[in-house]
Structure formats: C-alpha cells, structure tokens
Amino acid sequence: NESMVARFLNQIEMEELPDDLTQRISKVNRLWCIKESFIKLIGLGLLYNMRDCIVELEKGHIIDITGHYDIAYFKDFVIEPDYHLSICSMHADLPENYNIIDFTK
C-alpha cells in the first residue's frame, strides 16, 4: 500500500524504490526493518517520524535530518526471503554475521 509506505519513507527513499513489485516490496521491508531498529536505538519508538531519517544503504548509515541525533550505523541481514534482521548502533563496529539461538531446546 503506497500510502502506508509514504508514512515512513521520505521523498528521496520513495523515489529510489524499484518499479518491479517484488524488488519494491523487498526494499520496503528492508528499509522498515532498519528504521525500526533506529527508532528503538534512540528510544522513541513510533513517536519518531520515520520520514525524518534517511537510510543510506550503500554506506550503512542512518542520518537524522532534524539534527537531533548523531549519525547511526546499521548492519542488516536477510534471514530468509521477506525476513530481515537489522542491528543499529551509534558505533560503526557492528558484527558481520549472526547466530540464531533456539531457546526452546
């Protein structure tokens, strides 16, 4: 739903979405996961307007355009198709991989 996507992606990110529907959905999922990690990092959750940050996928940065927060860094992983994991930090030294731990065993 484009109107829902426009609630959390800014104009720059919207313009960079691919035309192909499958690729578009994948990128929207990825951006949502990264931004969700960022808003948890800064402690505001959904009180923060997600359009106020720009995710620079190639650089692994998140920039808050309001200037209230320093640049943040992220690392994201595709767990399986349509499932993403994102780690966000104010420090650039993030892990290169992850381990899934099954607590039911």
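Note that the coordinates shown come from a computational prediction; the quantities given were computed from them, not determined experimentally. Residue indices begin from 1 for each chain and proceed along its sequence in written order. Where local features are concerned, this predicted model is filtered to residues with pLDDT of at least 70; where side-chain atom pairs are given and counted, the filter is 80 or more; whole-chain, interface and lining totals use all residues. For side-chain calculations, the full set of non-hydrogen atoms in the structure is used, while hydrogens and water are omitted.

1. A closer look at the packing of aromatic side chains
For step 1, the next point in the chain: The criterion for an aromatic pair is that two Phe, Tyr or Trp rings (for Trp, the six-membered ring) have centres within 6.5 Å, with stacked assigned to planes under 30 degrees apart, edge-to-face to planes over 60 apart and tilted to the rest. A full pass over the atoms with the stated rule returns 4 aromatic pairs.
For step 2, the next point in the chain: A centroid spacing of 4.9 Å and a plane angle of 80 degrees characterise the contact between F8 and W32, whose relative ring orientation is edge-to-face. With a gap of 24 residues between them, F8 in helix α1 (residues 2-8) and W32 in helix α3 (residues 21-41) connect regions that are remote in the sequence.
For step 3, the next point in the chain: Exposure classes here rest on a 1.4 Å probe applied to the protein chains alone. A residue is buried below 20% of its type maximum, exposed above 50%, and partly exposed in between. A relative accessible area of 6% places F8 in the buried class.
For step 4, the next point in the chain: Assessed through its relative accessible area of 31%, W32 is described here as partly exposed.
For step 5, the next point in the chain: An aromatic cluster is present here, built from F38, Y48 and Y69 joined pairwise through their rings. Helix and strand definitions follow DSSP, with helices as H or I runs of at least four residues and strands as E runs of at least two, each counted in order from the N terminus.

2. Quick look at a nonpolar patch on the surface
For step 1, the next point in the chain: Together, I63, I65 and I71 make up an exposed nonpolar region whose accessible area comes to about 220 Å².
For step 2, the next point in the chain: By secondary structure assignment, the location of I71 is in the loop between β2 (61-64) and β3 (72-80). By definition, no residue in a patch forms a salt bridge, and every one has over 30% relative accessible area; like charges are joined within 9 Å, nonpolar side chains (Val, Leu, Ile, Met, Phe, Trp, Tyr) within 5 Å. Where accessible areas are quoted, they stem from the Shrake-Rupley method and a 1.4 Å probe; at the residue level, only the protein chains shown are allowed to cover. When a carboxyl oxygen of Asp or Glu is within 4 Å of a side-chain nitrogen of Lys or Arg, the pair counts as a salt bridge.

3. Section: the nonpolar core
For step 1, the next point in the chain: One finds L9, F38, V55 and I62 to be the most contacted residues of the largest nonpolar core, which totals 20 residues.
For step 2, the next point in the chain: Looking at this core, the element that brings in the most residues is α3, giving 5 residues.
For step 3, the next point in the chain: Contacts are residue-level and defined by heavy atoms, with any inter-residue pair within 4.5 Å sufficient. If we skip the residues at most four places from it in the chain, V55 touches E13, L31, I34, K35, H61, I62 and F74. Put simply, buried Ala, Val, Leu, Ile, Met, Phe, Trp, Tyr and Cys residues joined by side-chain atoms within 4.5 Å make one nonpolar core.

4. Description of α3
Helical periodicity: at 3.6 residues per turn, an α-helix aligns residues three or four positions apart in one direction.
For step 1, the next point in the chain: The span expected for a helix works out to 1.5 Å for each residue beyond the first. With 21 residues, α3 should cover 30 Å at 1.5 Å per step; its first-to-last C-alpha distance of 30 Å lies within 8% of that length.
For step 2, the next point in the chain: All of the buried residues along α3 are R24, K27, V28, L31, C33, I34, K35, S37, F38 and I39.
For step 3, the next point in the chain: Looking at the packing, one finds that the buried side of α3 touches α1, α2 (11-15), β1 (53-56), β2, β3 and β4 (83-89).
For step 4, the next point in the chain: Counted as a polar contact is a pair of N or O atoms within 3.5 Å, where, for protein atoms, one must be capable of donating a hydrogen and the other of accepting one, and residues adjacent in sequence contribute only when both atoms are in side chains. Between the side-chain oxygen at the start of α3 and the backbone nitrogen of T22 there is a gap of 3.3 Å, and the oxygen is on D20.

5. Points about the sheet that holds β3
For step 1, the next point in the chain: For two strands to pair, DSSP has to find at least two bridges joining them. Strands sit in the order β1-β2-β3-β4 across an open sheet of 4 strands; the sheet is antiparallel. The open sheet has two edge strands with one neighbour each: β1 and β4. The mean inter-strand angle of the sheet, taken between neighbouring strand axes irrespective of direction, is 30 degrees.
For step 2, the next point in the chain: In this sheet, β4 lies alongside β3 in antiparallel orientation, the contact comprising 7 bridges. Bridging from a neighbouring strand, E80 pairs with Y83 of β4. To obtain an axis, a line is fitted to C-alpha atoms, over the contacting stretch when the element is a helix, and the angle between two such axes runs from 0 to 180 degrees between their N-to-C directions.

The values reported here are purely geometric and, on their own, carry no functional implication.
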